[in-house]
Amino acid sequence: MTAAPSLLTPRVLVPFMLVTLIWGSTWIVITGQLGVVPPSWSVAYRFFVGAAAMFAYSAWRGERLTLSGFGWGFAALLGLAQFAFNFNFVYRAEMHITSGLVAVLFALLIVPNTLLGRIFLKTKVEGRFLLGAGIAIAGVGMMILHEYRAANVGAAEVLIGTALTLCGVMSASASNVMQGSRIAREQSMVVMIAWAMMFGALGDAVFAWVTTGPPVIEATPAYLGGVLYLGVIASAVTFPLYFNIIRAVGPGQAAWSSVLIPIIAMGFSTLFEDYRWAPLSIAGGTVALIGLVIAVVKRPDKPSVSGSNVVSVPCEQDVATPR
């Protein structure tokens, strides 16, 4: 019998690494989107660009650009959760706390993804996964403590930024679990994401207009380049890959990207923002990686000896794989 895929399966690992690397780079780009343009308009521009790219890709593939049955309502809910609520919370959180702290807090996505996946998708969660996740969360906690100490903002700002980030985490988790549902699997992946991005962008635009007024644009190469990068590379390219990972291995395993992203984000910050690694952040990152290894790397098969015959014991099932 063919073994169920895991994060280490090449067809899952390669897109997982690509998505994690790209999303690890977005935290620096997002900071360049804050300032002249209200955050909600920056989010709207990003996903209008992303939706346009997804529709163009769908047309190039010869896909029919419509959804079936409950697909329209599903795409609207998915778009609002993933591309409106989630990103508005994140962009606003970065107005109160550092992008590094937001990125590290987002690593906690693995917790609701695992729990909600177990409740709604009946995904299997093994002891090895829980042990690794617990260790990783301890490492994330160490990184959060360091970023909190380095934030140089008041306690009220930290609380507001943390609350906004955690709201974004829950919104993202809800959309992640939706991607593993039967309704999602009945739709064309790229067409559904295209419409979800469009619905999300429209929600962003309505919210932006109501709360901040008419559209504002910063016509500089840095800002416009950031919108294109976030819309095309960090949205239209990555979300189909990420949602396919969820469908292959479940939302719990897919959420390991959120554990690695802050480590990668700190690496980019080291290169471009002169970020200085502290002993606590190094230790936290190391502990988080150890947790990842424990969770996803299988132990070698143990032979079972009976008389003179040696029989191999089948490998245990992959963690968090949908039944």
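Description of the structure in this document. Keep in mind that this is a model prediction, so the values were computed, not measured.

## Considerations on the overall build of the protein chain
Along its length, the protein chain carries 13 helices and two strands. By the compact-globule yardstick of 20 Å for 323 residues, the protein chain fits well, its C-alpha radius of gyration being 20 Å. In terms of overall dimensions, the protein chain has a C-alpha envelope of 80 × 50 × 30 Å along the principal axes. Within the span of the protein chain, comprising 323 residues, buried residues form 50% of the whole. Relative to all contacts within the protein chain whose residues are 6 or more apart in sequence, the contacts with residues 24 or more apart total 88%. Accessible surface computed for the protein chain: about 14500 Å², of which carbon and sulfur atoms make up 72%. The average position of the 18 basic charges and that of the 13 acidic charges among the side chains of the protein chain differ by 12 Å.

## Some details on the nonpolar core
Formed by 77 residues in total, the largest nonpolar core has its most connected members in L7, W23, F47, M197, F239, Y242 and W256. Among the nonpolar cores identified, the runner-up in size contains eight residues, and V37, A44, Y223 and V227 belong to it.

## Regarding unusual backbone geometry
Look at K122: it is not a glycine, yet its phi comes out positive at around 60 degrees. With respect to the helices and strands, the residue K122 is situated in the loop between α5 (110-120) and α6 (127-150). Taking the relative accessible area as the measure of exposure, K122 reaches 45% and is therefore partly exposed.

## A short note on the packing of helix α12 (residues 256-272) against helix α13 (residues 279-296)
Their axes nearest at 10 Å, the elements α12 and α13 cross at an angle of 155 degrees. The angle between α12 and α13 falls in the class roughly antiparallel. The way α12 lies across α13 gives a crossing that is left-handed. Residues W256, V259, L260 and I263 of α12 lie in contact with α13, whose contacting residues are G285, A288, L289, G291, L292, A295 and V296. Each residue belonging to the contact of α12 with α13 can be placed in one class, and the counts come to nine nonpolar, two polar and no charged.

## Focus: the packing of aromatic side chains
Counted by the stated rule, this structure contains 15 aromatic pairs. When the centroid spacing of 5.0 Å and the interplanar angle of 80 degrees are considered together, the rings of F55 and W195 count as edge-to-face. Highlighted residues: F55 in helix α2 (residues 39-60) and W195 in helix α9 (residues 189-212), separated in sequence by 140 residues. Relative accessible area serves as the criterion here: at 17%, F55 is assigned to the buried category.

The rules we used
Residues numbered from 1 in each chain as written. Predicted model: local features only at pLDDT ≥ 70, side-chain atom pairs only at ≥ 80, totals over all residues. Heavy atoms only, no water. Helix = DSSP H or I, 4+ residues; strand = E, 2+ residues; numbered from the N terminus. Rg over C-alpha atoms; globule rule 2.2 N^0.38 Å. Buried < 20%, exposed > 50% of the residue type's maximum accessible area, 1.4 Å probe, protein only. Contact = heavy atoms within 4.5 Å. Areas by Shrake-Rupley, 256 points an atom, 1.4 Å probe, with all protein chains shown as cover. Lys, Arg positive; Asp, Glu negative; His and termini not counted. Charge placed at Lys NZ, Arg CZ, Asp CG, Glu CD. Core = buried A, V, L, I, M, F, W, Y, C linked by side-chain atoms within 4.5 Å. Axes fitted to C-alpha atoms, helices over the stretch in contact; angles between N-to-C directions. Parallel < 35°, antiparallel > 145°, perpendicular 65-115°, else oblique. Left-handed = near helix turned anticlockwise from the far one by under 90°. Nonpolar A, V, L, I, M, F, W, Y, C, P; charged D, E, K, R; others polar. Phe/Tyr/Trp six-rings, centres within 6.5 Å; stacked < 30°, edge-to-face > 60°.

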